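Summary of structural features
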Amino acid sequence: MRLGDGRESDNIEDRRGARGGGMMGGGGRKIGIGTIVLALVAMYFGVDPSVVLNMGAGVPQTSQQAPVSPGVQSTGRAEDDALARFTAQVLADTEDTWNELFRAGGKQYREPKLVLYTGGTQTACGTGQAAMGPFYCPGDERVYLDLDFYRDLQARFAAPGDFAQAYVIAHEIGHHVQHQLGIAEKVQVTKQRVSEREANQLQVRMELQADCFAGIWAHHADRSRGILEQGDIEEALRAASAIGDDTLQKQAQGYVVPESFTHGSAEQRVRWFKRGLDSGEMKACDSFGARAL
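It should be emphasised that the depicted structure is a prediction, and the values quoted were computed from it without experimental measurement.

1. Points about the overall build of the protein chain
The helix and strand inventory of the protein chain stands at 10 helices and 6 strands. For the protein chain, contacts bridging at least 24 residues in sequence account for 75% of all contacts bridging at least 6.

In structure tokens:
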């Protein structure tokens, strides 16, 4: 992946090394271990962990994290700092792409923050835990990422490579785009009115659209800035396949329960990422209007 000396986003909050804030919800109530486990399972790569975490806390969550300086801060750990700077560069590239696309559509893009943390941290959606993987919190319009996930991506999911890492970031930014366009909120309201199975299907469509939006970013970033190198697309496709619900369920329990899918199968995630990558157009990402996923 060619990022070269591309700029680093200032929309980084570097909380690495800070204490994570424990397992407390808003108002000082403890979030139960069972709730955290549900969050880890249900919201892996999810759009809104508050759905689970706030149920456990019983009250709205507020972020009580101390203010931090914008941008990547040096920790003296060369590998981690290099990954942090890479993340800041990818975030900057998503900003360039979505700012341009929103302007072309007569809208203004509101850039999200990306929080780097270690172990756990407070969010407007509850206590974020590294084991949840990267996630987006619409309550504070922030993406949360523990850099150890990049190592998990290689070791646990057999999806190494810098573009696989960039795909993960772009997917979470895709959730921010959904939030800004009002899609996420409409889906959340609808999910309260339907059965669990129907709610899962809606969540799958949300995730596949975010995959498609990640593909749109890759399409325009490469066309404008030539970021892709040979093998990059394969890296992203391996990552998308590795985190499909069917793949994860087979690893965890040895069998697949399609009715419980919340993110889509490996084949679906690959296909929707490629839709965005090949077309570069928002209309190609209408997963909610698609009869077949």
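That covers the picture; the talk isn't over yet.
2. Focus: the pairing of strand β2 (residues 113-117)
Most of β2 is tucked away: 4 of the 5 residues are buried. Inspection of the sheet shows β2 paired to strand β6 (residues 142-146) by 5 bridges, in the parallel sense. Note on β6: the bridge partner recorded for Lys 113 is Arg 142.

3. Describing the nonpolar core
Core analysis: the largest hydrophobic core is formed by 55 residues, its most contacted members being Met 1, Trp 98, Phe 163, Trp 217 and Phe 273. Of all the secondary structure elements, the ones that give two or more residues to this core are α3 (78-104), β2, β6, α4 (148-155), α5 (162-180), α7 (196-225), α8 (232-242) and α10 (266-279). Among residues more than four places away in sequence, those in contact with Met 1 are Phe 86, Val 90, Asp 162, Phe 163, Ala 166, Trp 217, Ile 227, Glu 229 and Asp 232. Within the second largest apolar cluster, 8 residues are counted, among which are Tyr 117, Cys 125, Phe 135 and Cys 137.

4. Observations regarding the packing of aromatic side chains
Counting across every chain of the model gives 7 aromatic pairs. A cation over a ring is seen here: Arg 275 above Trp 272, with NZ or CZ 4.2 Å from the ring centre.

Conventions used here
Residues numbered from 1 in each chain as written. Predicted model: local features only at pLDDT ≥ 70, side-chain atom pairs only at ≥ 80, totals over all residues. Heavy atoms only, no water. Helix = DSSP H or I, 4+ residues; strand = E, 2+ residues; numbered from the N terminus. Contact = heavy atoms within 4.5 Å. Buried < 20%, exposed > 50% of the residue type's maximum accessible area, 1.4 Å probe, protein only. Pairing = 2+ DSSP bridges. Core = buried A, V, L, I, M, F, W, Y, C linked by side-chain atoms within 4.5 Å. Phe/Tyr/Trp six-rings, centres within 6.5 Å; stacked < 30°, edge-to-face > 60°. Lys NZ or Arg CZ within 6 Å of the ring centre and 35° of its normal.

Note that all results are geometric; they support no functional claim without further evidence.
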